[in-house]
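Descriptive structure summary
As a plain string of letters, each chain reads:
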Amino acid sequence: MIINTIFYYFREAATSLIRNSWLTVASVGTIIISLLILGSSVLLVLNVREVASDLESSLEITVFLDDGLEQERLEQLEEEIKFVPGVSSVNFVTKEQALENLKESFGDKAELLSGLEKDNPLPNSYTVKTREANMVPSAARQLTELEGVDQVRYGQGVVENLLALTHWVRIWGTLALLVLGVAAVLLIATTIRMSVFARRREIGIMKMLGATNIFVRMPFMLEGMIIGLTGGFVAAVMIHFGYASLLNKVMISLPFIHLVDDSNSIYQVLGALLGAGFLIGTLGSAISLRRFLKV
Amino acid sequence: MIQLYNVSKTYQNKVQALNGITLHINKGEFVFLVGPSGAGKSTLTKLICREELPTHGQVIVNGRSLPRMKNRQVPYLRRKMGMVYQDFRLIPNKTVFENVAFALEIIGASRSEIRQAVPEALRMVGMEKKLNMRPYQLSGGEQQRTAVARAIVNNPALILADEPTGNLDPDTSWELMKLFMDINSLGTTILMATHAWDIVDEMKKRVVQLENGVIVRDEEGGVYGHDH
């Protein structure tokens, strides 16, 4: 008997969905768009965080030295650098070595640099690493003070910029999501309202025959849930394949950028999309039934 | 079965439909509710199935006070009564069988109960040969008989009929009244609001006459009235 009733709920919900097909499509579409925005902003934030923490952990300080320092001073300087708080390793890079490194990073276009060997413009330098990423700025400041140091460079601003980007993505993503989410909820409420209106006679008959509130409302609730879940599912599938192809492309053309690719976090995002769709659908139905179906 | 004590009903638009009605109907009675349009007949039936609540007074059905009844208990009250209306209130895209079965589906009856009870009710009203037809394929009398089958399919103790013959021709009306008498003879209480004076006069049942929201006559074996 319970199975008959459940079957009845689904049949009625399906009938309504088909009867108001254009509204159904519009509501599903709105949910898909809102959830696509939600999904991509979440993935973007996750990835920017990942890249930022990658950068932080690989941050090193390059200490460019004045030209023409004596060997004795160089050795002394290395000791002084090691003495700066937070410094974990120091590596001397000769100007010849620096030019080699530069050529290497130019790859097949290295001939552009030919001829520089005679009058190498690059200075000698020390590559300094710190024990923790957040020690970089203070260590860099102290390194600047040392005698014989020309310039100190590290990824100033890069990390800060990335984190600022996540901040804005989060704000605008949330805003867009809120606006579209409200639109989706209202569209579903309208869809359900149309279904209630189309079946008001039948609802009256059901009440006359002693149908409980749950029995009258359930098909409409189910209708909203189906819309929400469908939207969530389509958005999740689109994000899934879209992100997989993005990962692929990045892997081939930008191999040094490491994106979030563990399936656990991705499936969590997809699950959240499905859940959000369900929530939107249920909320829309509930609002509509509350207002238009006084049982 | 039904007791009304000093019941008044004033609608929100200030129309006073009933004014101090006291009425008792016993189990197994057949009662006609007569009177001109706007006398309060429909309001009275609505109070008994708790579609409306009285402004003053007490309504008791099956020993339960309706004004005190919680909303969620109303469905269970209605399952113990069958309702028949002038406009039949069948669901157009369901067959005769499905319309009657719907009353049982709603209360969560099993398939085997439905397969047993629906043909029985349809036999009772003489619609057993048309169970796969849809309402628009039926005459008014057949539609109303289907509605009666739906009203009796879960063996209610009470049938409320609001002008059941209002859309039917005289011969068909008589057939329907015979059906109601058969149902009544099996012990079901029937309260019928009607304008059909010829039927009321012929059947010699208890007649309650309403005028301007007041009971002006209540007699056993009565006739419709003198002013028709």
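Computed from a predicted model, the values in this text were never measured in an experiment.

1. Quick notes on the UniProt feature "transmembrane region" (unreviewed entry) in chain A
Residues and elements named next belong to chain A. UniProt's feature table lists "transmembrane region" (unreviewed entry) at residues 21-46, 171-192, 226-246 and 266-289, given in the numbering used throughout. Secondary structure over residues 21-46 splits into 100% helix and 0% strand, and the C-alpha atoms at its two ends are 37 Å apart. In residues 266-289, helix accounts for 100% and strand for 0%; the two terminal C-alpha atoms are 35 Å from one another.

2. Focus: the pairing of strand S8 (residues 189-193) of chain B
Regular strands place side chains that alternate from one sheet face to the opposite one. All names here are of chain B. Summarising burial for S8: five of the five residues are buried, a large majority. In S8, alternate side chains face the same way, and those of Thr189, Leu191 and Ala193 on one face and Ile190 and Met192 on the other are all buried. When strand S3 (residues 30-34) meets S8, the two strands line up parallel, connected through four bridges. For Phe32, the partnering residue across the bridge sits in S8 and is Met192. Pairing geometry for strand S7 (residues 158-162) and S8, over five bridges, is parallel. Bridge assignment links Asp162 to a residue of S8, and that residue is Ala193. Handedness of the crossover joining S7 and S8 through helix H6 (residues 170-185): right-handed.

3. Description of the side chain of Ser8 of chain B
Residues and elements named next belong to chain B. Positionally, Ser8 belongs in strand S1 (residues 2-10). Judged by relative accessible area, which is 9%, Ser8 ranks as buried. Reaching out from Ser8, the side chain makes a polar contact with the backbone nitrogen of Gly20 at a distance of 3.0 Å. Once you skip the residues sitting within four places of it in the chain, Ser8 turns out to touch Gln16, Leu18, Asn19, Gly20, Pro54, Thr55 and His56.

4. Regarding the domain arrangement of chain B
All names here are of chain B. When cut into domains, chain B gives domain 1 (1-80 + 156-228) and domain 2 (91-154). Between domain 1 and domain 2 lies a buried interface of about 1,000 Å² when both sides are counted; carbon and sulfur atoms form 75% of it. A per-residue breakdown of the area domain 1 buries against domain 2 is headed by Arg79, Pro156 and Leu179, which together make up 46% of the total. Counting across the domain 1 and domain 2 interface gives zero salt bridges. Counting across the interface, domain 1 meets domain 2 through one residue pair in polar contact (both at pLDDT 80 or more). Across the side of domain 1 that touches domain 2, the residue classes break down as nine nonpolar, one polar and three charged.

5. A few points about the interface of chain A and chain B
How big an interface is tends to be reported as the loss of accessible area on association of its parts. At the interface, 17 residues of chain A touch 21 residues of chain B. Across the chain A to chain B interface the summed buried area is about 1,700 Å²; carbon plus sulfur atoms make up 59%. Counting the contacts that link chain A with chain B gives zero salt bridges. The tally of links between chain A and chain B comes to three residue pairs in polar contact (both at pLDDT 80 or more). Mapped by element, the contributors of at least two residues to the side of chain A that touches chain B are helix H1 (2-19) and helix H7 (200-208) of chain A.

Thresholds, definitions, all that
- Residues numbered from 1 in each chain as written.
- Chains lettered and ligands numbered in written order.
- Predicted model: local features only at pLDDT ≥ 70, side-chain atom pairs only at ≥ 80, totals over all residues.
- Heavy atoms only, no water.
- UniProt positions renumbered as here; feature names shortened; annotations may be inferred.
- Helix = DSSP H or I, 4+ residues; strand = E, 2+ residues; numbered from the N terminus.
- Buried < 20%, exposed > 50% of the residue type's maximum accessible area, 1.4 Å probe, protein only.
- Pairing = 2+ DSSP bridges.
- Right-handed = clockwise from strand over helix to strand, strands pointing away.
- Polar contact = N/O pair within 3.5 Å; in protein donor to acceptor, adjacent residues only side chain to side chain.
- Contact = heavy atoms within 4.5 Å.
- Domains from an automatic or database assignment.
- Buried area = accessible area lost by both parts, 1.4 Å probe.
- Salt bridge = Lys/Arg side-chain N within 4 Å of Asp/Glu carboxyl O.
- Nonpolar A, V, L, I, M, F, W, Y, C, P; charged D, E, K, R; others polar.

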